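Here is what each chain is made of, one letter per residue.
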Amino acid sequence: MTTRRLVLTRSAAVIGAASSGLLLPQIVRAQSDKVRVGFMLPYTGTFAQLGVAIENGFRMALNEQGGKLGGREVEFFKVDDESNPAKGIENANRLVQRDKVDVLVGTVHSGVQMGIHKVARDSGVLNLIPNAGVHVATRAQCAPNVFRTSFSNSQPTLALGKAMMERGHKKAVWITWNYAAGEEAYEGFEQSYTAAGGTIVKKLGLPFPNVEFQALLTEIASLKPDAVACFFAGGGAAKFLRDYAAAGLNKNIQLYGSGFLTEGVLEAAGPAADGVLTTMHYSDSLDTPRNKKFRLDYAKTFKAQPDVYAVQGYDTGLLLVKGANAVKGDLSNKKALYAAMEGATIDSPRGQWTMSKAHNPIQDMYLRKVENKENKVIGVAQKAVADPATGCKLS
């Protein structure tokens, strides 16, 4: 109950009366005319803000449809996944078996996503992934009922190599945490950079979530590469940016990264982030009517500025709306529902994108430069970037 109260307090603007269904499961089950949507997202801990932003965006997309899916009312259920992989299967089963949700929206943490993924594959419930970039979900373990609306971990870095070479940075060092997301981001960088003619001088890593970077920064200084490319996120990314600048490396070794390096950390990083170049599928500064309208509407509704997570939640809602409208709200018509979602073109604030055969977005990646605590878009790094979908058998 304490966690539920905390969630209600932090996101009161978006939860409203719908979440009262959590307290009255018997009544909710009786309302079979409603589409049941389950949110399995982090509402406490490090990723709490991400979970709230995703839910906000999702609800906003449905609100644009009068709060309905294919003409049917919607009932929401929520579980705080706590970013805890050990509880992933248990929490997903609460929504699928206890609450009988038609759609399971989740999650942020790739480890937790694997728990959801098992439940989705075993039960056949529709799972929409609004963030977690773990490769296997849309590669070897792809499934007809699993759709991702965000990115695979290697997608942003698949666009990085060409941009680096175009700027004359032919020798680079890679650095990240030694964990799945870092390894998968490296895959995209290695492929794109070597294909463009670049040489990776050395690959450096440290255990997650260690932030003692000094020894590795000293090694980078001795290697004297043209550039450094990396994958870090959150508080660790802010510290890496500060330490990189404090070591003086930013003066003569250009720093690049997957966009999460500078996403949501620019206040904490301060001037140390200035000039850093990243590739990402969204930027607050995208100068398009679609993005401007989205940002204005979101700010009016939630009294907060949207970020990439809000956009991904919004696009998750847009994708479900496309599918639900195509089957006139009959989500049990799975063949037609999935076909509509597979063929959808999403008119997103990030730019239009389509769904790959493996159910992962095919999307443009923007080159961004940090200026005055903002990720400024300076161009399209690569258009229509698709994950290779290695091992996926969906046709």
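For clarity, every value in this text was computed on a predicted model and none was experimentally measured.

A. Region of interest: the pairing of strand S13 (residues 361–370). Among the 10 residues that make up S13, 8 are buried, leaving the element largely enclosed by the rest of the structure. Both strand S10 (residues 277–280) and S13 contribute to a ladder of 4 bridges, which runs antiparallel. Among the inter-strand pairings, Thr278 is bridged to a residue of S13, identified as Arg368. Judged from the 2 bridges that link them, strand S12 (residues 353–355) and S13 form a sheet pairing that is antiparallel.

B. Molecular detail of the nonpolar core. Counting residues in each nonpolar core, the largest one holds 72 residues, and the members touching the most others are Val37, Leu69, Leu126, Met164 and Phe189. With 10 residues, the top contributor of residues to this core is helix H14 (residues 308–326). Those residues within four positions of Leu126 in sequence are excluded, and the remaining contacts are Asp102, Val103, Leu104, Asn145, Phe147, Leu320, Leu337, Tyr338 and Met341. Of all hydrophobic cores here, the second largest spans 27 residues; its members include Ile175, Tyr244, Leu255 and Val265.

C. Molecular detail of the pairing of strand S2 (residues 74–80). Counted residue by residue, S2 has 7 buried out of 7 residues, so it is predominantly covered. Sheet analysis places strand S1 (residues 35–41) next to S2, joined by 7 bridges and oriented parallel. For Met40, the partnering residue across the bridge sits in S2 and is Val79. Note on the crossover from S1 through helix H4 (residues 48–63) to S2: the handedness is right-handed.

D. How the structure looks around the pattern of salt bridges. Enumeration over the complete set of coordinates arrives at 22 salt bridges. The partner of Lys162 in a salt bridge is Glu166, with the nearest N and O atoms 2.7 Å apart. Of this pair, Lys162 and Glu166 both sit in helix H8 (residues 160–166), 4 residues apart, which is roughly one turn of the helix. On the accessibility criterion, Glu166 (53% relative accessible area) is exposed. The partner of Lys239 in a salt bridge is Asp243, and the shortest N-O contact between them spans 2.6 Å. Here Lys239 and its partner Asp243 are both found in helix H11 (residues 234–246), 4 residues apart, which amounts to about one turn of the helix. What you see here is one network of salt bridges that share partners, running through Glu55, Arg59 and Lys78.

E. Region of the structure containing the state of the cysteines. Scanning the entire structure with this criterion turns up 1 disulfide. One disulfide bridge connects Cys142 with Cys392, the sulfur atoms lying 2.1 Å from each other. Between Cys142 and Cys392, the S-S dihedral sits near 100 degrees, and the bridge is therefore right-handed. Taken as a pair, Cys142 in the loop between strand S4 (126–129) and strand S5 (146–148) and Cys392 in the segment after strand S14 (375–385) lie far apart in primary sequence, 250 residues in all. Each member of the pair, Cys142 as well as Cys392, carries the same accessibility label: buried.

F. Quick look at the environment of Thr262. Checked against the element boundaries, Thr262 lands in the loop between strand S9 (254–258) and helix H12 (266–269). A polar atom in the side chain of Thr262 sits 3.3 Å from the side chain of Arg368.

G. Quick peek at the packing of H4 against H14. It is the contact of H4 with H14, at a shortest axis distance of 6 Å, that shows an interaxial angle of 35 degrees. Regarding H4 and H14, the two cross each other, and that crossing is right-handed. Facing Leu50, Ala53, Ile54, Gly57, Phe58, Met60, Ala61 and Leu62 of H4, the residues of H14 in contact are Tyr309, Ala310, Gly313, Tyr314, Thr316, Gly317, Leu318, Leu320 and Val321. In the contact of H4 with H14, the residues fall into 13 nonpolar, 4 polar and no charged.

H. Just the side chain of Ser348, in detail. Its place among the elements puts Ser348 in the loop between strand S11 (345–346) and S12. Given a relative accessible area of 2%, Ser348 falls into the buried group. Engagement of the side chain of Ser348 in a polar contact is seen with the backbone nitrogen of Arg350, the distance being 3.0 Å. If we ignore the near neighbours within four places in the chain, the residues touching Ser348 are Arg290, Val311, Asp315 and Trp353.

I. Molecular detail of the sheet that holds S4. Read across the open sheet, the 5 strands follow the order S2-S1-S3-S4-S5; overall the sheet is parallel. Edge strands, defined here as strands with exactly one partner in the open sheet, are S2 and S5. Taken over all neighbouring pairs, the strand axes of this sheet differ in orientation by 20 degrees on average, direction set aside. Where helix H6 (residues 110–123) meets the sheet, it contacts S1, strand S3 (103–105), S4 and S5, and its direction lies at approximately 160 degrees from that of S4. Of the strands in this sheet, S4 and S5 touch helix H15 (residues 334–342), which is tilted by about 20 degrees from S4.

Procedures and definitions
Residues numbered from 1 in each chain as written. Predicted model: local features only at pLDDT ≥ 70, side-chain atom pairs only at ≥ 80, totals over all residues. Heavy atoms only, no water. Buried < 20%, exposed > 50% of the residue type's maximum accessible area, 1.4 Å probe, protein only. Helix = DSSP H or I, 4+ residues; strand = E, 2+ residues; numbered from the N terminus. Pairing = 2+ DSSP bridges. Core = buried A, V, L, I, M, F, W, Y, C linked by side-chain atoms within 4.5 Å. Contact = heavy atoms within 4.5 Å. Right-handed = clockwise from strand over helix to strand, strands pointing away. Salt bridge = Lys/Arg side-chain N within 4 Å of Asp/Glu carboxyl O. Disulfide = S-S within 2.5 Å. Polar contact = N/O pair within 3.5 Å; in protein donor to acceptor, adjacent residues only side chain to side chain. Axes fitted to C-alpha atoms, helices over the stretch in contact; angles between N-to-C directions. Left-handed = near helix turned anticlockwise from the far one by under 90°. Nonpolar A, V, L, I, M, F, W, Y, C, P; charged D, E, K, R; others polar.

Read these as spatial facts, not as claims about activity.
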